Amino acid sequence: MNPIDLHQRHADRLRAAATGASGQTAESVRIAALTRAAGGAPIDKPYDGLAQQIRDAAWRVTDAHVAAVRAATGSDKGAFEIIMAASIGAGLARWDAAARAIDEAGDAAS
Amino acid sequence: MRLAEIERGDRLRTRALIRIISTVSGARLPDAARVAFYHKGYVGAALAEWMHAVMRGPSGWTVGERELMAAMVAHWNSCTFCVGAHRAIAVRGVEPAIVDACLADYRTAPISAPLRVTLIFLETMTLRPDDLQASHAQDAMDTGVSRAQLADAAAVASLFNIVTRYADALDFTIPTETEFDKAAGMLLKRGYR
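Residues numbered from 1 in each chain as written. Chains lettered and ligands numbered in written order. Predicted model: local features only at pLDDT ≥ 70, side-chain atom pairs only at ≥ 80, totals over all residues.

Some remarks on the overall build of chain B
Along its length, chain B carries 11 helices and zero strands. Counting from the amino terminus, chain B carries its helices and strands in the arrangement α-α-α-α-α-α-α-α-α-α-α. Against the compact-globule benchmark of 16 Å for 193 residues, chain B has a radius of gyration of 17 Å, which places it among compact chains. Referenced to the eigenvectors of the C-alpha coordinate spread, the extents of chain B come out at roughly 55 × 35 × 30 Å. Looking at chain B alone, contacts between residues at least 24 apart form 69% of all its contacts between residues at least 6 apart. (Helix = DSSP H or I, 4+ residues; strand = E, 2+ residues; numbered from the N terminus. Rg over C-alpha atoms; globule rule 2.2 N^0.38 Å. Contact = placed C-beta atoms within 7 Å.)

Focus on the overall build of chain A
A count of helices and strands for chain A gives five helices and zero strands. Secondary structure of chain A in N-to-C order comes out as α-α-α-α-α. Along the first, second and third principal axes, the C-alpha atoms of chain A reach 55 × 30 × 20 Å. For chain A, buried positions account for 54% of its 110 residues. (Buried ≥ 20, exposed ≤ 12 C-beta atoms within 10 Å, placed from the backbone.)

Overview of the interface of chain B and chain A
If you look at the interface, chain B gives 49 residues, while chain A gives 43 residues. Looking at which element gives the most residues to the side of chain B that touches chain A, the answer is helix H10 (residues 147-169) of chain B, with 16 residues. Broken down by class, the residue content of the side of chain B that touches chain A amounts to 29 nonpolar, 13 polar and seven charged. (Nonpolar A, V, L, I, M, F, W, Y, C, P; charged D, E, K, R; others polar.)

Details of helix H9 (residues 134-142) of chain B
Residues and elements named next belong to chain B. Burial in H9 covers these residues: His136, Ala137, Ala140 and Met141. Along H9, the residues classed as buried sweep out an arc of 135° about the axis, all on the same side. One or two steps after H9, the chain reaches glycine 144, where phi turns positive at roughly 110°. (Arc of directions from axis to C-beta.)

Looking at unusual backbone geometry
Of note, the bond from A:Lys45 into A:Pro46 is cis; its omega dihedral lies within 30 degrees of zero at 0°. You can see A:Pro46 is positioned in the loop between helix H2 (27-37) and helix H3 (47-57). Located in the positive-phi region is B:His39, a residue other than glycine, with phi close to 45°. If you check the backbone angles, B:Asp171 has positive phi at about 60° while not being a glycine. Within the secondary structure, B:Asp171 sits in the loop between H10 and helix H11 (177-190).

Some details on the environment of B:Ala33
Relative to the elements of secondary structure, B:Ala33 occurs in helix H3 (residues 31-37). For B:Ala33 and B:Ile18, which are 15 residues apart along the polypeptide, the C-alpha to C-alpha distance reads 8.9 Å.

Describing the nonpolar core
Core analysis: the largest hydrophobic core is formed by 103 residues, its most contacted members being A:Ala33, A:Ala86 and B:Ala154. Considering each element in turn, this core owes the most residues, 17 residues, to helix H5 (residues 76-104) of chain A. (Core = buried A, V, L, I, M, F, W, Y, C linked by C-beta atoms within 7 Å.)

Considering helix H6 (residues 80-90) of chain B
All names here are of chain B. For H6, the buried fraction is high: 10 of the 11 residues fall into the buried class. Listed in full, the buried residues belonging to H6 are Phe81, Cys82, Val83, Gly84, Ala85, His86, Arg87, Ala88, Ile89 and Ala90. Looking at the buried positions of H6, the neighbouring elements they touch are H3, helix H5 (63-76), helix H7 (96-105), H10 and H11.

With respect to the environment of A:Pro46
All names here are of chain A. The partly exposed category is assigned to proline 46, around which 19 C-beta atoms lie within 10 Å. Along the backbone, proline 46 and alanine 72 are 26 residues apart, and their C-alpha atoms lie at a distance of 7.4 Å. Those residues in contact with proline 46, other than ones at most four positions away along the chain, are Ala68, Val69 and Ala72.

Comments concerning the packing of H5(A) against H10(B)
Packing of H5(A) against H10(B) brings their axes to within 8 Å, and their N-to-C directions diverge by 160°. Between H5(A) and H10(B), the crossing angle belongs to the class labelled roughly antiparallel. Handedness of the H5(A)/H10(B) crossing: right-handed. Counting all contacts with H5(A), which are made through A:Ile83, A:Met84, A:Ser87, A:Ile88, A:Ala90, A:Gly91, A:Leu92, A:Arg94, A:Trp95, A:Ala98, A:Ala99 and A:Ile102, the residues of H10(B) involved are B:Arg147, B:Leu150, B:Ala151, B:Ala154, B:Ala157, B:Ser158, B:Leu159, B:Asn161, B:Ile162, B:Arg165, B:Tyr166 and B:Ala169. For the contact of H5(A) with H10(B), the per-class residue count stands at 17 nonpolar, four polar and three charged. (Axes fitted to C-alpha atoms, helices over the stretch in contact; angles between N-to-C directions. Parallel < 35°, antiparallel > 145°, perpendicular 65-115°, else oblique. Left-handed = near helix turned anticlockwise from the far one by under 90°.)

A short note on the environment of A:Ala68
Residue and element names in this part refer to chain A. One can find alanine 68 in helix H4 (residues 63-73). On the basis of neighbour count, alanine 68 is assigned to the partly exposed category, with 17 C-beta atoms found within 10 Å. Here the alpha-carbon distance between alanine 68 and alanine 57, two residues 11 residues apart in the chain, equals 18 Å.

With respect to the confidence of the model for chain B
The share of residues in chain B with pLDDT of 70 or more is 100%, and the mean pLDDT across the chain is 96. Scored by ipTM, the complex comes to 0.96, with pTM at 0.96. (pLDDT = per-residue confidence, 0-100.)

What follows is the structure, encoded as structure tokens:
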């Protein structure tokens, strides 16, 4: 099997889990957070501030960012889902970029 | 930890498990494990399955090299928790002085040319993903890195670009060096599932 395909299957499964029916928050909100952290357009407040900060410098996320999303979703699980969706969006955007670069390169070594 | 329900566990069984593991190990259960126990029906299974395959499955990289890559991604993303956690595992397979030299400056560290050029690829992917080009992958392959090795390394970096982000967004408590070492032994023995 193409070495990229093996990881791509896992990446696709993770993306589907983050945005699919197993979450408690609206799928549209999780898709928006994932897409925003992957470099997409601004989304509704207060999700935008948290997703953007997770994309750019997660170590600068504040208690206020998380508290605002906790209040908007109404639960810890809701806030957790938004944090995970945004983190997964940023990580998978990097996977997509790497897979494309590897795919387009020749292979002198194997 | 910014979300109290993750700190204490969301089910009776999880709360008991957190207490028992903390008591038996003599150390606070790390927040990474508390997240793994939390809201199990959401992304946990998909994340753990890929993580275990990437970090412990067959690869042209040793487990120590993959843990070093995880620590490097954490370093680039300024994630104190993940640097500590994955440095502690990496030094069980790679000389501690070499791991620390990489964390200080991997470009001058005494590592193989294929590992160094792979770290260049991973650094660009982590910090400037929009700049990543086929030429970066080509440079790695021209130095002897196989396509499969580069794909495996990219998967490590992708996963730790996820983990570092939620670790910092949730504000993981930073364990002591002794606690990191205990957790490292457990992660080497049990893996990420």
